[in-house]
Amino acid sequence: MKYRGLLVVSLLIIGLIVLPVTRTIKIVMIVVALVLLLFLKRGTLYVILASRALDGKGKGGEERAWRLYRKAWKAGLEPKYNLMMANLFSQRGDAAVALEILDSVVKRAERFKKRDPHMLTNAKTSKSMALWILDRRDEAIELLQSIIDGGWIDKNIAVNLGSYLLEEKRLKEAKKLIKESTKVLDESPGMLDNRGYYLYLTRSYHEAQRLYDSLIVDREPNFPEAYYHAALVKIALGKHRTAIILLQRALECPFFKTSTITEGEIQTLLEEQTPLVGNDVGEDDFIADVLARPLYEEELNDE
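Concerning the environment of lysine 234
So, step 1. Following the sequence through the fold, lysine 234 ends up in helix H13 (residues 224–236).
So, step 2. When its relative accessible area of 2% is taken as the criterion, lysine 234 is described as buried.
So, step 3. Separated by 26 residues in sequence, lysine 234 and alanine 208 place their C-alpha atoms 9.4 Å apart.

As for helix H11 (residues 189–201)
So, step 1. Counted at 1.5 Å a residue, the expected span for H11 with its 13 residues is 18 Å, and the 18 Å between its end C-alpha atoms agrees.
So, step 2. Judged by how many residues are buried, H11 sits mostly within the fold: ten of 13 residues are covered.
So, step 3. Regarding H11, the residues found buried are Gly190, Met191, Leu192, Asp193, Asn194, Gly196, Tyr197, Tyr198, Leu199 and Tyr200.
So, step 4. Close packing links the buried residues of H11 with helix H9 (155–167), helix H10 (171–184), helix H12 (205–219) and H13.

Focus on the nonpolar core
So, step 1. Counting residues in hydrophobic clusters, the biggest one holds 75 residues, and the most contacted among them are Tyr69 and Phe89.
So, step 2. Considering each element in turn, this core owes the most residues, eight residues, to helix H6 (residues 95–111).
So, step 3. Once residues within four sequence positions are removed from consideration, tyrosine 69 is found in contact with Val47, Ala50, Ser51, Leu54, Met85, Leu88 and Phe89.

Comments concerning the packing of aromatic side chains
The geometry of an aromatic ring pair is captured by the separation of the ring centres together with the interplanar angle, meaning the angle of the planes.
So, step 1. Enumeration over the complete set of coordinates arrives at three aromatic pairs.
So, step 2. Ring geometry for tyrosine 197 against tyrosine 200: centres 6.1 Å apart, planes inclined by 10 degrees, an arrangement best described as stacked. With tyrosine 197 and tyrosine 200 both in helix H11 and three residues apart, this pair spans about one turn of that helix. Comparing tyrosine 197 with tyrosine 200 shows no difference in burial state: the two are buried.
So, step 3. Ring geometry for tyrosine 200 versus tyrosine 205: centroids 5.8 Å apart, planes at 45 degrees, classification tilted.
So, step 4. The class of tyrosine 205 is partly exposed, set by a relative accessible area of 23%.
So, step 5. Above the face of the tryptophan 132 ring, arginine 137 is positioned so that its terminal group lies 4.2 Å from the ring centre.

Definitions and limits used
Residues numbered from 1 in each chain as written. Predicted model: local features only at pLDDT ≥ 70, side-chain atom pairs only at ≥ 80, totals over all residues. Heavy atoms only, no water. Helix = DSSP H or I, 4+ residues; strand = E, 2+ residues; numbered from the N terminus. Buried < 20%, exposed > 50% of the residue type's maximum accessible area, 1.4 Å probe, protein only. Expected span 1.5 Å × (residues − 1). Contact = heavy atoms within 4.5 Å. Core = buried A, V, L, I, M, F, W, Y, C linked by side-chain atoms within 4.5 Å. Phe/Tyr/Trp six-rings, centres within 6.5 Å; stacked < 30°, edge-to-face > 60°. Lys NZ or Arg CZ within 6 Å of the ring centre and 35° of its normal.

Next up, the structure:
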């Protein structure tokens, strides 16, 4: 039952009120009950304090937030909140802590998988991300593949496993995954990005360009890999000016530790394109119709 602890304490307080004891004793006993409630819910309290510290701008706030999040986990939370907290550690904090939390979530989910089978799948998917960040790449791939071998696939698994296989240049496996996942799932932006990057890696540049042009126009992805990979395709086709714009767009996206590309890598590639614009294969219509914004117009005018 949800809020079981709150219900128990509430009944206890009501019972204390009707007890035939002095008022002073009732007050003391009610205070004790409220303290007990705070103790039972201290995990939630730690999460609230940690979230405020993480969102704040004060010095040392982020470090304090991670300490509080760890206390929240140790104090005990519902599995779904532990899963959310572990993902936060993977994206912005310490992946080793995320893995520790996820191991406990997976262990519990395995005991209760008949009650909530999706919790086990979600926990393993998140665990793969922590493993990947910790450079335990083969383990991350094997974990997701085991879920698929067990008869389940969803968009998160397709995107994550596809990204891992492509980064490791395991192209035959990536091709098989892309083909099989598109039979049973509507392609998300992440899945389309994986297909486009596969086409790039296999030098099908024009097909990859058609895919990325459509992805960026129609779906407007909010993750940097899509724009970075699209830029690689444009560079391969000699369209350096468009690549510059795509790389700038990539830098506007949020970056996390789970990202497969860093801001530094994008910035380096961006700087390498500027001297090549003179030999550019023009693509003015695409720039004007799809990507043009005041920032980009100023850049083109400067040239």
